[in-house]
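Now for the letters of each chain:
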Amino acid sequence: MTLNKETVSGKFDQVAGKVKEKIGEATGNQNLANAGVADQIKGAAKETWGKVKDTANAASENARAQADVKGESFSQRAEEKAHDLREKITTATHNAKERIDEKLDHIKHDQQAERENTRRS
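Note that this is a predicted model, so its numbers are computed, not measured.

Criteria and cut-off values
- Residues numbered from 1 in each chain as written.
- Predicted model: local features only at pLDDT ≥ 70, side-chain atom pairs only at ≥ 80, totals over all residues.
- Heavy atoms only, no water.
- Helix = DSSP H or I, 4+ residues; strand = E, 2+ residues; numbered from the N terminus.
- Buried < 20%, exposed > 50% of the residue type's maximum accessible area, 1.4 Å probe, protein only.
- Lys, Arg positive; Asp, Glu negative; His and termini not counted.
- Salt bridge = Lys/Arg side-chain N within 4 Å of Asp/Glu carboxyl O.
- Polar contact = N/O pair within 3.5 Å; in protein donor to acceptor, adjacent residues only side chain to side chain.
- Patch = residues over 30% accessible without salt bridge, like charges linked within 9 Å, V, L, I, M, F, W, Y side chains within 5 Å.
- Areas by Shrake-Rupley, 256 points an atom, 1.4 Å probe, with all protein chains shown as cover.
- Charge placed at Lys NZ, Arg CZ, Asp CG, Glu CD.

Re the side chain of Asp 54
Next, step 1: Note that Asp 54 resides in helix α2 (residues 30–70).
Next, step 2: In this structure, Asp 54 is buried with no salt-bridge partner, the nearest side chain bearing the opposite charge being Lys 53 at 7.4 Å.
Next, step 3: In terms of polar contacts, Asp 54 uses its side chain to reach the side chain of Asn 4, at 3.0 Å.

Below, the structure is given as structure tokens:
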């Protein structure tokens, strides 16, 4: 399996983001550190998208090859399997987004509670 453009670009974004985060932390620049984390997240998403594309292409090529060998009835099953794979990827992506959103909401709530406690002190 070859690495596509998104996978490679995502890996570079993650490394650059980690460097940016560490420089920001070392210099006390919270904006730079936060931007580094954002770059890492963006890079991970790009890399994952690249892997999804690679997997979908491999599954499609495999299904086509099998359909060529076994004829039309297999072609229909291959299309159904491709549809099922897309559904699984979509569901997994949605579930991951929901988990991330929940964690971010939890962090925001904790930060707001901390700010309120600080104001009361």
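Alright, that's what it looks like, and here's the rest.
Some details on a negative patch on the surface
Next, step 1: Together, Glu 79, Glu 80, Asp 84 and Glu 87 make up a negatively charged patch on the protein surface.
Next, step 2: Note on placement: Glu 80 falls in helix α3 (residues 72–120).

Here's the deal with the pattern of salt bridges
Next, step 1: Inspection of every chain in the model, using the stated rule, returns nine salt bridges.
Next, step 2: One salt bridge in this structure joins Lys 53 and Glu 6, with 3.1 Å as the shortest N-O distance. Highlighted residues: Lys 53 in helix α2 and Glu 6 in helix α1 (residues 5–27), separated in sequence by 47 residues.
Next, step 3: Of the residues examined, Lys 53 reaches a relative accessible area of 30% and is grouped as partly exposed.
Next, step 4: The partner of Lys 11 in a salt bridge is Glu 47, with the nearest N and O atoms 2.9 Å apart. On the criterion of sequence distance, the pair formed by Lys 11 in helix α1 and Glu 47 in helix α2 is long-range, its members being 36 residues apart.
Next, step 5: You can call Lys 11 partly exposed: its relative accessible area is 38%.
Next, step 6: Judged by relative accessible area, which is 10%, Glu 47 ranks as buried.
Next, step 7: Beyond isolated ion pairs, a larger network of salt bridges with shared partners links Lys 11, Glu 47 and Lys 51.

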